[in-house]
Amino acid sequence: MKKLLFTAAIAVLGFTNVNAQEEATTTGFAKGDLFVSGSVGFNSSKTGDAKSNNLNFSPSVGYFISENIALEVNLMIGSGEDAVDTKTTDLGAGLGATYFFTSSNKFSFTVGAGFGYANSKVEPDGGSETKVDSFRFAVAPGVHYFISDKFALRASVGALSYESAKADGADDATNDFGLNIDLSDINFGLVYKF
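> I'm lost on the overall build of the chain in this one. Help?
Across its full length, the chain carries one helix and 10 strands. The order of α-helices and β-strands along the chain, N terminus first, is α-β-β-β-β-β-β-β-β-β-β. Counting every position in the chain, which comprises 194 residues, the buried fraction comes to 25%. For the chain, contacts bridging at least 24 residues in sequence account for 53% of all contacts bridging at least 6. When the accessible surface of the chain is totalled, it reaches about 12600 Å², and 62% of it is carbon and sulfur.

And the structure:
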């Protein structure tokens, strides 16, 4: 009887060890992994009767070219309306790379850098339409956390960024440089690994 219990205990421990090793290899990312991601943002503010709303959506596809580096291609879609009924529509695309400090783990700190282009259409209430082309470069710290073998949550906090925007017909572009690493600029997203 003792031998049978001892053999059963060894079998259970062995199965648990194999199962733990399988879990460790399936969570996280590895070279050659393909994933899709997306983030959605919404902002609404109201002062008296004046109200403004902004909605943006950014789907992306990524591929790990090495154990720690993923390349991503993304779209940027947004719309908004401010307190004086000025409507804004944004459409753009971007290309970036993200470095994962511990890509094969369930949790990883990241640093991402990317270029983006967007075309915005601004339609004031009763005024003429204006189109604005903008180019942006940004570097942002972030985190990834796997909640299952296939799904992960991602977040980035702030960015070091440069943006140049020029309206159609304007002589000069508006250039902005920003360093915003604080809790007022947090972006959340969901990742699905194939």
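On we go from here.
> I'm lost on the pairing of strand 3 (residues 69-81) in this one. Help?
Two faces make up the sheet, and in a regular strand the side chains alternate between them. Two strands pair when backbone bridges link them, and strand 2 (residues 50-64) and strand 3 are joined in this way by 10 bridges, in the antiparallel orientation. Residue pairing across strands places V61 opposite V73, the latter belonging to strand 3. Linking two consecutive strands that pair antiparallel, namely strand 2 and strand 3, is a turn of four residues. Bridging between strand 3 and strand 4 (residues 87-100) involves 13 bridges; their strand directions are antiparallel. Pairing of A70 across the sheet is with T98, part of strand 4. Hairpin connection between strand 3 and strand 4: a loop of five residues separates the two successive antiparallel strands, and D85 in this loop has a positive phi of roughly 65°.

> Honestly, the environment of V157 in this entry has me stumped. Any pointers?
Here V157 lies in strand 7 (residues 151-157). Exposure remark for V157: the relative accessible area of 27% places this residue in the partly exposed category. Spatially, the C-alpha atom of V157 lies 6.8 Å from that of A140, the residues being 17 residues apart in sequence.

> Sorry, what's going on with the environment of S44 here?
In this structure, S44 sits in strand 1 (residues 34-47). Looking at S44, the relative accessible area reads 37%, which means it is partly exposed. Separated by 38 residues in sequence, S44 and D82 place their C-alpha atoms 9.4 Å apart. Each residue touching S44, except ones within four places of it in the same chain, is listed here: K51, S52 and N53.

> Would you mind going over the nonpolar core with me for this structure?
The nonpolar side chains of a soluble globular protein tend to be buried with one another. Counting eight residues, the largest nonpolar core is built from F29, F35, F64, A70, F100, F146, A152 and V191. Sequence-distant contacts of F29, that is, excluding residues within four places in its chain, are made with F35, F64, F100, S103, S104, H144, F146, V191 and K193.

> It is not clear to me how the packing of aromatic side chains should be interpreted in this structure. Could you clarify?
Two aromatic rings, taken as a pair, are described by how far apart their centres are and by the angle between their planes. Considering all chains together, one arrives at 12 aromatic pairs under this definition. Ring geometry for F29 versus F146: centroids 5.0 Å apart, planes at 65°, classification edge-to-face. Of this pair, F29 sits in the loop between helix 1 (2-26) and strand 1 while F146 sits in strand 6 (residues 130-146), placing them 117 residues apart in sequence. On the accessibility criterion, F29 (2% relative accessible area) is buried.

> I'm lost on the side chain of S134 in this one. Help?
For S134, the location among the structural elements is in strand 6. In terms of polar contacts, S134 uses its side chain to reach the side chain of E163, at 3.5 Å. Discounting chain neighbours no more than four positions away, the residues touching S134 are G116, Y117, A118, E163, S164 and A165.

> What is the right way to read the pattern of salt bridges from this model?
Close approach of charged atoms lets side chains of opposite charge pair. For the structure on display, the rule yields one salt bridge. E72 is the salt-bridge partner of R154, the closest N and O atoms lying 2.9 Å from each other. Of this pair, R154 sits in strand 7 while E72 sits in strand 3; the two residues are 82 residues apart in sequence, bridging distant segments of the chain. E72 carries the same exposure label as R154, and that label is buried.

> Even after reading the chapter, I still don't get a negative patch on the surface, so can you show me in this structure?
A cluster of acidic residues, E81, D82, D85 and D125, forms a negative patch at the surface. Mapped onto the fold, D82 is located in the loop between strand 3 and strand 4.

Reading the values: the criteria
- Note on numbering: residues in each chain are counted from 1, in written sequence order.
- Local features in this predicted model are restricted to residues of pLDDT 70 or higher, and side-chain atom pairs are both shown and tallied only at a pLDDT of 80 or more, whereas totals for entire chains, interfaces and linings draw on every residue.
- Water and hydrogen atoms were dropped before computing side-chain values, which therefore reflect all heavy atoms in the structure.
- Counting from the N terminus, the helices are DSSP H or I runs at least four residues long and the strands are E runs at least two residues long.
- Categorising residues by exposure relies on relative accessible area from a 1.4 Å probe, with only protein chains included: less than 20% of the type maximum marks a residue as buried, more than 50% marks it as exposed, and the intermediate range marks it as partly exposed.
- By the convention used here, residues are in contact when the closest approach between their heavy atoms is within 4.5 Å.
- Exposure was quantified through the Shrake-Rupley algorithm and a 1.4 Å probe, taking into account, for residues, occlusion by the shown protein chains and nothing else.
- When DSSP locates at least two bridges between a pair of strands, those strands are taken to pair.
- The term nonpolar core refers to a set of buried residues drawn from Ala, Val, Leu, Ile, Met, Phe, Trp, Tyr and Cys, joined through side-chain atoms within 4.5 Å.
- Between 30 and 60 degrees the pair is tilted, below 30 it is stacked and above 60 it is edge-to-face, where a pair is any two Phe, Tyr or Trp rings, Trp via its six-membered ring, whose centres lie within 6.5 Å.
- Any pair of N or O atoms that falls within 3.5 Å is considered a polar contact. Within protein, one atom must be able to donate a hydrogen and the other to accept it, and sequence-neighbouring residues count only if both atoms are side-chain atoms.
- Think of a salt bridge as a Lys or Arg side-chain nitrogen and an Asp or Glu carboxyl oxygen that are within 4 Å of each other.
- Exposure above 30% relative accessible area and the absence of a salt bridge qualify a residue for a patch, where like charges join within 9 Å and nonpolar side chains (Val, Leu, Ile, Met, Phe, Trp, Tyr) within 5 Å.
- Only four residue types enter the tally: Lys and Arg on the positive side, Asp and Glu on the negative side, with His and both chain ends excluded.
- Lysine's charge is taken at NZ, arginine's at CZ, aspartate's at CG and glutamate's at CD.

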